[in-house]
Amino acid sequence: MAKVTIGKAGTAGKSNSLFAINVDEANSGESSDGLFFRADASTVKGRECVVKILEAARTVLIKHGYGGLTLRLVAEQADISHSNVQYYYQTKAKLFGGILSYGGALYRQELTRRFKNLPTDPESRLRTYIRFYIEDDRNIESNIIFYELRAMSQRDDDVLEV
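In this text the structure is predicted, and so the values were computed from the model without any measurement. (Residues numbered from 1 in each chain as written. Predicted model: local features only at pLDDT ≥ 70, side-chain atom pairs only at ≥ 80, totals over all residues. Heavy atoms only, no water.)

Draft legend 1. Summary view of the overall build of the protein chain. Summing up its helical and strand segments, the protein chain has seven helices and three strands in all. Along the protein chain, from the amino end to the carboxyl end, the secondary structure elements read β-β-β-α-α-α-α-α-α-α. Within the protein chain, buried positions represent 43% of all 162 residues. Only carbon and sulfur atoms are counted for the fraction: they give 50% of the accessible area of the protein chain, which is about 9400 Å². (Helix = DSSP H or I, 4+ residues; strand = E, 2+ residues; numbered from the N terminus. Buried < 20%, exposed > 50% of the residue type's maximum accessible area, 1.4 Å probe, protein only. Areas by Shrake-Rupley, 256 points an atom, 1.4 Å probe, with all protein chains shown as cover.)

Okay, here's the thing in structure tokens:
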């Protein structure tokens, strides 16, 4: 389990992710429209709740697939109320978009961390990049999420938009 650090206050929780996420770094979760991983969460407490929801949603998606991903099951997994999940993610498609945004932030943050102290020569950087994706390709959770994304994008217009 990795440590999740959120906001400037730096509260910690448990994560199923391969990487720790510090969502305060470089506005990793905030988009140009001010949404935080596709949710309207402007406070540290709100952002903590969104990360908790997304971690639970990743777990549900991995265990049950997109077909078994429900807001109610995510609420149970996160140990929060169903209405709290609905406040941030009104639909399953919006939640799935949040999961993908969150996953993208994890990837960017880990790549940034790995590249931070590397020499500037292209070969070292390319080797690091390739090593990262080979390691990720061996991760069953990551494979399941990408499989679900590919499968659903063929059948669901809302997912295709994500």
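Draft legend 2. Structural context of the pattern of salt bridges. Applying the stated criterion to the full structure yields four salt bridges. A salt bridge links Arg114 to Glu135, with the nearest nitrogen and oxygen atoms 2.7 Å apart. Of this pair, Arg114 sits in helix H4 (residues 92–115) while Glu135 is found in helix H5 (residues 122–137), placing the two residues 21 residues apart along the sequence. Ionic pairing is found between Arg127 and Glu123, a salt bridge with its closest N-O pair at 2.9 Å. Of the two residues, Arg127 and Glu123 are both situated in helix H5; the distance of four residues between them amounts to about one turn of the helix. Each of Glu110, Arg113, Arg114 and Glu135 takes part in a single network of salt bridges with overlapping partners. (Salt bridge = Lys/Arg side-chain N within 4 Å of Asp/Glu carboxyl O.)

Draft legend 3. Looking closely at unusual backbone geometry. Backbone geometry places Asp79, a non-glycine residue, at a positive phi of 60 degrees. Position of Asp79 among the secondary structure elements: in the loop between helix H2 (71–78) and helix H3 (82–88).

Draft legend 4. Spatial organisation of the environment of Val74. Considering the arrangement of structural elements, one finds Val74 in helix H2. By relative accessible area, which is 0% here, Val74 ends up buried. Note: C-alpha distance between Val74 and Lys52 (22 residues apart in sequence) is 9.7 Å. Contact partners of Val74, with chain neighbours within four places excluded, come to Ile53, Ala56, Ala57, Val60, Leu69, Val85 and Leu95. (Contact = heavy atoms within 4.5 Å.)

Draft legend 5. Highlighting the packing of aromatic side chains. According to the stated counting rule, one finds seven aromatic pairs in the structure shown. Note on Tyr87 and Tyr88: the rings are 4.8 Å apart at their centroids and 90 degrees apart in plane angle, and the pair reads as edge-to-face. Its relative accessible area of 53% is what places Tyr87 among the exposed residues. You can call Tyr88 buried: its relative accessible area is 11%. Relative to Phe132, the ring of Tyr107 lies with its centre 5.5 Å away and its plane at 90 degrees, an arrangement referred to as edge-to-face. On the criterion of sequence distance, the pair formed by Tyr107 in helix H4 and Phe132 in helix H5 is long-range, its members being 25 residues apart. Each of the two residues, Tyr107 as well as Phe132, counts as buried. (Phe/Tyr/Trp six-rings, centres within 6.5 Å; stacked < 30°, edge-to-face > 60°.)

Draft legend 6. Inspection of a nonpolar patch on the surface at higher detail. A cluster of nonpolar side chains, namely Leu126, Tyr129, Ile130, Tyr133 and Ile134, defines an oily patch on the protein surface of about 450 Å² accessible area. Structurally, the position occupied by Ile134 is in helix H5. (Patch = residues over 30% accessible without salt bridge, like charges linked within 9 Å, V, L, I, M, F, W, Y side chains within 5 Å.)

Draft legend 7. Spatial organisation of the environment of Asn143. Mapped onto the secondary structure, Asn143 falls in helix H6 (residues 140–153). Spatially, the C-alpha atom of Asn143 lies 9.3 Å from that of Ile62, the residues being 81 residues apart in sequence. Residue contacts for Asn143: discarding those within four places in its chain leaves Asp137 and Arg138.

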